[in-house]
Amino acid sequence: MIKLDKISKTYHTDKVQTLALKEIDLHVRKSEFVCIMGPSGCGKSTLLNIIGLLDRPGAGNIHIGGLPVQSYKDKHVARLRNDTFGFIFQSFHLINDLRVIDNVELPLLYRSMPGSERRERARAALEKVGLGARMEHYPNQLSGGQQQRVAIARAMVGQPDVLLADEPTGNLDSKMGAEVMDILLKLNEEGTTVVMVTHDEAEARRAHRIVRVFDGQLVA
Amino acid sequence: MLKNYLLTAWNVFLRRKLFTAINLACIILTLVVLLVVTAMLQEAFYPSGVEHRSNRFLQVHMIEATNEKHTSLSRGPLGYRVIDKYLKPMPGVEMVAAVTGIEPTAVIMNGSSTEVNMRHADAEYWRVLDFKVLAGRVPNEDDVTQGRMVAVLARSMAVKLFGDPAPLGRKIETGGQTFSVIGVVQDALHLNAYADMWVPITTYPNTNYRHQMTGRFFALLLARSPDDLPAIRAEVQRIAARMDFAGDPEFTSGQIWADSKIDMFARSLSSSKESNPDAGALVLGGITFLMFLFMLLPALNLVNLNVGRIMERSTEIGVRKAFGASNGQLAAQLVVENVVLCLAGGAIALALAAGVLWWLEAAGPIPYLRVGINFAVFGWGLLITIVFGVLSGLVPALKMSRLDPVRALKGAA
């Protein structure tokens, strides 16, 4: 599903160069649940962003679904992100100016799809995460756990092949965190590939595989 | 997608009320000024009202007369002889009218004096211009030929002098002459039409005016078709070259020009002696450029405000990018938001501009002004508004749409 070959990434500031990733090789198979673990600043989120085509590597090759995507232009990358990936962020990143249902519809806006179908799919996604009654609310009217469930609904509404979750339980208490994990596991059981960054060892053990990053390199 | 854009825009505007108010005020003020100026320019230069045939007439408003040694120079209205001897017989025109400029005169009525702006006009004047006759009639060929002491009043002056909008047959005394009112016409502000009272050219106390090369007259040359105007211009140039000043004590030669209204304005600005058919276009281009500059300043201010506003929304931009928005789609969204704001401002500005124009007519700082928001002005307003929206939204939109999504998600735009 996703194949990284010798991926490196260096951040440049005026005077300092920071090596974030060094020659990473990683292969994520279809329907796999992979957790990326490591200390803060080791490059986990950078790796996730590169997998999700939000960031470009300095060196190396990325294959998504068997196709090399390195040379893709903005429009094609946008299309690929829309079709293939669903993102879940630690800080939820819901748009506070939009209602819950409009937030969930967001990925479908960038597809040629009638409004009624978009609305129906968003409704179904919200019901799946138990928020069917909150569609007309605004994000700031919801608890943190509810907001993350909205974010999951948004990530899965387009039925992407891969869910990329960057510490999705990091801002939640243990009960809500467990609920979010249960949803992700269920989606994975239904066939969605999940790549998740986490600090929580217990959560990571529920995945199929743990990938550990240290100083920009894979260590296990 | 548009609905989502509009919904987002609406909520952003509501959330940031002060920003929205400043933006709207900026747009409204600029557009009100532009719309009022556009309406006034249209009134002045566009064929409308009394001068609705101005697209096919030219004016000869000035003669520049000089002597052999060029020691004496006079620039001013024409003498009647220029019109009568040279312009009236010229080929290629449908009609040539003669009329004086405004001649302020005092009318004595019931023992009190009222200042009246009077013109002397020939019969053709009433056929070249299209006055709306409210009562009675306008002078005809016979009235002029016979030198009948008849007068036409503008409605406001009729009411002012007689308290009656149709004082037909009433007498007016001015300059030792008595005129009988034969008609009342609607007030008109147009360049060649503005006056309070008109009397036949032949009612001057003596006939000296008929022999003068310089004087107080303007000529209106009505073409059969707008296509004939260049040929008429050229013919007037040829006529100017052969004008005979014999008998004139001061001047030996002179130059005249046939201009459209906008060309005449251009000539008055440049003091040009050339007959340049592009002068009007240059003036219009200059006015358009000034209007663009006037619009540019608030647009730049809006660009600045918009960059700040959109910077605050970098996370949203990052999220939209993450879920598949292309740079083009994001730029379009941000421009749409701005255009919506500008259209809202435009709608308010149109209403306010209509109010200002109504006040200009009603309060009368400019006598006889008849302006209003018409479809042409509305169309210009709409166009200006959209240009305004795109101008002030495009730069920040392009800048923000190219944000690195990772940095945008961190709110570090």
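What this report covers is the structure whose coordinates are included nearby.

### Some points on the sheet that holds strand β3 (residues 73-76) of chain B
Residues and elements named next belong to chain B.
In step 1: Spatial ordering of the open sheet is given by β3-β2-β13, a layout of 3 strands whose pairing is antiparallel. This sheet does not close on itself; its edge strands, each paired only once, are β3 and β13 (253-256). With direction set aside, neighbouring strand axes in the sheet form an average angle of 15 degrees.

### With respect to helix α6 (residues 174-189) of chain A
A turn of α-helix holds 3.6 residues, and therefore any two residues three or four places apart point the same way.
In step 1: Compared with the 22 Å implied by 1.5 Å per residue over 16 residues, the 22 Å span of α6(A) between its first and last C-alpha is a close match.
In step 2: Directly after α6(A), the chain includes A:G191, whose backbone phi takes a positive value near 120 degrees.

### Quick word on the packing of helix α10 (residues 314-322) of chain B against helix α11 (residues 327-363) of chain B
Residue and element names in this part refer to chain B.
In step 1: Packing of α10 against α11 brings their axes to within 10 Å, and their N-to-C directions diverge by 140 degrees. The pairing of α10 with α11 is recorded here as oblique in orientation. Regarding α10 and α11, the two cross each other, and that crossing is right-handed. Within the contact between the two elements, α10 uses E316, I317, R320 and K321 and α11 uses N327, L330, Q333 and L334.
In step 2: The residue inventory of the contact of α10 with α11, partitioned by class, reads 3 nonpolar, 2 polar and 3 charged.

### Concerning the pattern of salt bridges
All names here are of chain A.
In step 1: Under the defined criterion, the tally for this structure stands at 36 salt bridges over all chains.
In step 2: Two residues, R29 and E32, come together in a salt bridge whose shortest N-O distance is 3.6 Å.
In step 3: Across the pair E120 and R123 runs a salt bridge whose closest N-O atoms are separated by 3.7 Å. Here R123 and E120 lie together in helix α4 (residues 115-128), a separation of 3 residues that amounts to about one turn.
In step 4: Look at the salt bridges and you will find they share partners, linking R99, D102, E105, R118, R119 and E136 into a network.

### Looking at unusual backbone geometry
Backbone phi values are negative for most residues with the exception of glycine, while trans is the configuration of most peptide bonds.
In step 1: Non-glycine residue A:L53 carries a positive phi angle of around 60 degrees.
In step 2: Looking at the element boundaries, A:L53 is found in the loop between α1 (44-51) and β4 (59-64).

### Looking at the interface of chain A and chain B
In step 1: Tallying the contact residues gives 24 residues for chain A and 23 residues for chain B.
In step 2: The junction of chain A with chain B conceals about 2,300 Å² of combined surface from both sides, 61% of it contributed by carbon and sulfur atoms.
In step 3: Those elements that provide at least two residues to the side of chain A that touches chain B are α2 (74-84), β6 (85-88), α3 (100-109) and α5 (144-156) of chain A.
In step 4: Among the residues forming the side of chain A that touches chain B, the class breakdown is 12 nonpolar, 4 polar and 8 charged.

### Let's talk about the environment of B:V33
Residues and elements named next belong to chain B.
In step 1: Structurally, V33 can be placed in helix α2 (residues 17-45).
In step 2: For V33, a relative accessible area of 34% puts it in the partly exposed group.
In step 3: With 258 residues separating them in the primary sequence, V33 and M291 have C-alpha atoms 9.6 Å apart.

### Brief notes about the sheet that holds strand β2 (residues 17-28) of chain A
All names here are of chain A.
In step 1: Taken in spatial order, the 4 strands make up an open sheet running β2-β1-β4-β5, and their pairing is antiparallel. Both outer strands of the open sheet, β2 and β5 (67-68), are each paired with one neighbouring strand and no more.
In step 2: Bridging between strand β1 (residues 2-12) and β4 involves 5 bridges; their strand directions are antiparallel. Bridge pairing in β4 places S8 opposite A59.

### Brief notes about the pairing of β3(B)
For a regular strand, side chains alternate in direction, first toward one face of the sheet and then toward the other.
Residues and elements named next belong to chain B.
In step 1: Examined bridge by bridge, strand β2 (residues 63-66) and β3 share 4 bridges and lie antiparallel to one another. Each residue of the ladder has a partner; that of I63, found in β3, is G76.
In step 2: Adjacent in sequence and paired antiparallel, β2 and β3 are bridged by 6 residues, among which H70 carries a positive phi angle near 55 degrees.

### Some details on the nonpolar core
Residues and elements named next belong to chain A.
In step 1: If you look at the biggest cluster of nonpolar residues, it comprises 52 residues, and the most contacted ones within it are L4, L47, I51 and F85.
In step 2: Sequence-distant contacts of L4, defined by excluding residues within four places in its chain, comprise I24, D25, L26, L47, I51, N61 and I62.
In step 3: Residues A125, I152, L163 and L172 belong to the second largest nonpolar core, which totals 38 residues.

### Brief notes about the packing of aromatic side chains
In step 1: In total, this model carries 13 aromatic pairs over all chains according to the counting rule given.
In step 2: Measuring from ring centre to ring centre gives 5.9 Å for B:Y125 and B:F131, while their planes differ by 45 degrees; the resulting arrangement is tilted.
In step 3: A relative accessible area of 0% places B:Y125 in the buried class.
In step 4: With 5.0 Å between their ring centres and 45 degrees between their planes, B:Y204 and B:Y209 make a pair best called tilted.
In step 5: Assessed through its relative accessible area of 15%, B:Y204 is described here as buried.
In step 6: B:Y209 gets classed as buried once you look at its relative accessible area, which sits at 8%.
In step 7: What links up through ring pairs into an aromatic cluster is the set A:F85, A:F87, A:F89 and B:F323.

### Quick notes on the side chain of B:T100
All names here are of chain B.
In step 1: For T100, the location among the structural elements is in strand β4 (residues 93-100).
In step 2: There is a polar contact of 2.9 Å between the side chain of T100 and the backbone nitrogen of H120.
In step 3: Filtering out sequence-adjacent residues up to four positions away, T100 remains in contact with M118, R119, H120, Y204, R216, F217 and F218.

Parameters and conventions
Residues numbered from 1 in each chain as written. Chains lettered and ligands numbered in written order. Predicted model: local features only at pLDDT ≥ 70, side-chain atom pairs only at ≥ 80, totals over all residues. Heavy atoms only, no water. Pairing = 2+ DSSP bridges. Helix = DSSP H or I, 4+ residues; strand = E, 2+ residues; numbered from the N terminus. Axes fitted to C-alpha atoms, helices over the stretch in contact; angles between N-to-C directions. Expected span 1.5 Å × (residues − 1). Parallel < 35°, antiparallel > 145°, perpendicular 65-115°, else oblique. Left-handed = near helix turned anticlockwise from the far one by under 90°. Contact = heavy atoms within 4.5 Å. Nonpolar A, V, L, I, M, F, W, Y, C, P; charged D, E, K, R; others polar. Salt bridge = Lys/Arg side-chain N within 4 Å of Asp/Glu carboxyl O. Buried area = accessible area lost by both parts, 1.4 Å probe. Buried < 20%, exposed > 50% of the residue type's maximum accessible area, 1.4 Å probe, protein only. Core = buried A, V, L, I, M, F, W, Y, C linked by side-chain atoms within 4.5 Å. Phe/Tyr/Trp six-rings, centres within 6.5 Å; stacked < 30°, edge-to-face > 60°. Polar contact = N/O pair within 3.5 Å; in protein donor to acceptor, adjacent residues only side chain to side chain.

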